[in-house]
Amino acid sequence: MRKLELHWQILIGMLLGIVFGFVMTYPDWGRDFVTDWITPFGTIFVNLLKLIAIPLILASLIKGISDLKDISKFRNIGLRTIVIYICTTVVAITVGLLLVNAIQPGEGISQDTIDKLTETYATDKGVTDKLEEASRQKESGPLQFLVDMVPENALNAMTDNSLMLQVIFFAIFLGISMLLIGEKDSKPLKAFFDSLNEVVLKMVDLIMLTAPYAVFALLAGVVVSSSDPELLLALLKYSGVVILGLLLMIVFYSIVVSTFTRYNPLTFLSKISPAQLLAFSTSSSAATLPVTMERVEEHIGVDKEVSSFVLPVGATINMDGTSLYQGVAAVFIAQALGFPLDLSGQLTIVLTALLASIGSAAVPGAGMVMLVIVLESINFPADKLAIGLALIFAVDRPLDMCRTVVNVTGDATVSMMVAKSVGKLGKPKVKNWDDHYEEVK
């Protein structure tokens, strides 16, 4: 019998995890059983992906730059990457604002629902933590994001996945310096990073063997820890607007891929589906990054010179799904609480969401911190910020899972566009975990 492809295995694991989670919410002991005995295996899987994220970025980016032989090529790749990411983010925010203004989900929220959501979540630690973090970010200067990109200790930056931009800066700096000293002197160091890159990619293959079981554990844990179903139902219209916008972004990416790269969009979505499914399960672009790189390089054919820069940068600054969600959420909160929002206010949302996405960490929950910054930019009353976050907090996790899928799909799309524009989109070269197994058997 033919073995199921990886994305089907992961999808089956997800569906079984959701069903199992719902079943285990009914017995009194069910939630504790899933939390204590099932969820840890999903956590281990995510930790493994995060474990190899920094080594992969470091090795892959240094290898990609050192292989260029010409700094001008890197400049071309870098400039095109940033410009395209900015354009797709503006498109995402615009789509979100058009939908939320057309459908107006906030107009249907009753005062009783607002009161219940406020009572349940306004003092929740998750909400208060987001407000405090947003306050810290707001107090920093306008160029703080540039300061934050440059590490004072490279080794310290490599110990924290939230400092991915610092690792990228160090890797680029090291790679360019290797080019400048000449091929002869840089050869030993290049050989080391080339070898490290191959080893880490093999680690990705091995970790992915457990992916179907891991997503079962992750989704079961999400379901048993979900909020009050009545509150989720009350926010169904708002959630529907966000999800519709995210689906439109997937359609937009498919059109872009078909138009600019002449690549079959259905084949594109099929090839990156394992990364999309993991993004949904983990809610983290950073955790999914090793898989995204493996799928784009080996299964689509994007050259490592391009993917090694575009994807790590995208996981950090490209938050299309999150930016769309912020546009919808900000207007939804304004509608529900009767806060007037004119055209200039919505244009401010576009600009602020764009700038906030650059410095946002690629981890679960970062979107709500960005949302606070967006709300403050339109002079939303400070005493109502907690109430505003409380309105959407109940559905933040499931929507976070959905928008991370869009973030990852956007990263893959831009990598293909950049690769095509510089002649680096070739034929896929798939590597399996057991390619060299016979040699060590």
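Residues numbered from 1 in each chain as written. Predicted model: local features only at pLDDT ≥ 70, side-chain atom pairs only at ≥ 80, totals over all residues. Heavy atoms only, no water.

> Before we move on, can you summarise the overall build of the protein chain with the specific residues and values?
A count of helical and extended segments in the protein chain gives 21 helices and zero strands. Whereas a compact globule of 441 residues would reach a radius of gyration of roughly 22 Å, the protein chain reaches 22 Å, a difference of no more than 12%. A total of 441 residues make up the protein chain; the buried ones form 52% of that total. Long-range pairs, those at least 24 residues apart, make up 85% of the contacts in the protein chain between residues at least 6 apart in sequence. Accessible surface, the protein chain: about 20100 Å² in total, of which carbon and sulfur atoms supply 64%. Taken as two groups, the 32 positive and 41 negative side-chain charges of the protein chain have centres that lie 11 Å from each other. (Helix = DSSP H or I, 4+ residues; strand = E, 2+ residues; numbered from the N terminus. Rg over C-alpha atoms; globule rule 2.2 N^0.38 Å. Buried < 20%, exposed > 50% of the residue type's maximum accessible area, 1.4 Å probe, protein only. Contact = heavy atoms within 4.5 Å. Areas by Shrake-Rupley, 256 points an atom, 1.4 Å probe, with all protein chains shown as cover. Lys, Arg positive; Asp, Glu negative; His and termini not counted. Charge placed at Lys NZ, Arg CZ, Asp CG, Glu CD.)

> Explain helix H15 (residues 304-317) to me, using residue names and the numbers behind them.
Here H15 contains 14 residues, and its C-alpha end-to-end distance of 19 Å stays within 8% of the 20 Å for a straight helix at 1.5 Å per residue. One side-chain oxygen of the residue at the start of H15 lies 2.9 Å from the amide nitrogen of Glu305, identifying that residue as Asp303. (Expected span 1.5 Å × (residues − 1). Polar contact = N/O pair within 3.5 Å; in protein donor to acceptor, adjacent residues only side chain to side chain.)

> Could you give an account of the packing of aromatic side chains, with specific residues and numbers?
One pass over the structure, following the stated rule, counts nine aromatic pairs. Measuring from centroid to centroid gives 6.0 Å for Trp29 and Phe33, while their planes differ by 85°, and the two rings are edge-to-face. The class of Phe33 is partly exposed, set by a relative accessible area of 32%. Their ring planes at 25° and their centres at 4.5 Å tell us that Tyr238 and Phe332 sit as a pair that is stacked. Highlighted residues: Tyr238 in helix H12 (residues 236-261) and Phe332 in helix H16 (residues 320-336), separated in sequence by 94 residues. The side chain of Arg403 reaches across the aromatic face of Tyr325, ending 3.7 Å from its centre. (Phe/Tyr/Trp six-rings, centres within 6.5 Å; stacked < 30°, edge-to-face > 60°. Lys NZ or Arg CZ within 6 Å of the ring centre and 35° of its normal.)

> Describe the packing of helix H3 (residues 71-103) against H15, naming the residues involved and giving the relevant values.
It is at 10 Å that the axes of H3 and H15 come closest, and there the two elements cross at 35°. The crossing of H3 and H15 is right-handed. Of H15, the residues touching H3 (which contributes Phe74, Ile77, Gly78, Thr81, Ile82 and Tyr85) are Glu305, Val306, Phe309, Val310, Leu311, Val313, Gly314 and Ile317. Across the contact of H3 with H15, the residue classes tally to 10 nonpolar, three polar and one charged. (Axes fitted to C-alpha atoms, helices over the stretch in contact; angles between N-to-C directions. Left-handed = near helix turned anticlockwise from the far one by under 90°. Nonpolar A, V, L, I, M, F, W, Y, C, P; charged D, E, K, R; others polar.)

> Go over the nonpolar core with me, naming the residues and quoting the values.
The tendency in soluble globular proteins is for nonpolar side chains to be buried side by side. One finds Phe45, Ile168, Phe268, Phe309 and Val310 to be the most contacted residues of the largest nonpolar core, which totals 72 residues. Each residue touching Ile168, except ones within four places of it in the same chain, is listed here: Ile57, Leu61, Pro312, Val313 and Thr316. Core analysis: the second largest hydrophobic core is formed by 54 residues, Ile114, Leu235, Val242 and Phe339 among them. (Core = buried A, V, L, I, M, F, W, Y, C linked by side-chain atoms within 4.5 Å.)

> Help me get a handle on the environment of Val200, residues and values and all.
Position of Val200 among the secondary structure elements: in helix H9 (residues 183-208). Sequence spacing of Val200 and Pro290 is 90 residues, and the spatial spacing of their C-alpha atoms is 8.8 Å. Those residues within four positions of Val200 in sequence are excluded, and the remaining contacts are Ile52, Pro55 and Leu56.

> Account for the pattern of salt bridges, naming residues and giving values.
Taken as a whole, this structure holds nine salt bridges when the rule is applied. Note that Glu198 is salt-bridged to Lys431, the shortest N-O span being 3.0 Å. Of this pair, Glu198 sits in helix H9 while Lys431 sits in the loop between helix H20 (396-421) and helix H21 (437-440); the two residues are 233 residues apart in sequence, bridging distant segments of the chain. The salt bridge partner of Arg403 is Asp396, with a shortest N-O separation of 3.2 Å. Summarising the burial analysis for this pair, Arg403 and Asp396 share the class buried. Three or more residues joined by partner-sharing salt bridges are found here, namely Lys63, Asp67, Lys190 and Asp194. (Salt bridge = Lys/Arg side-chain N within 4 Å of Asp/Glu carboxyl O.)

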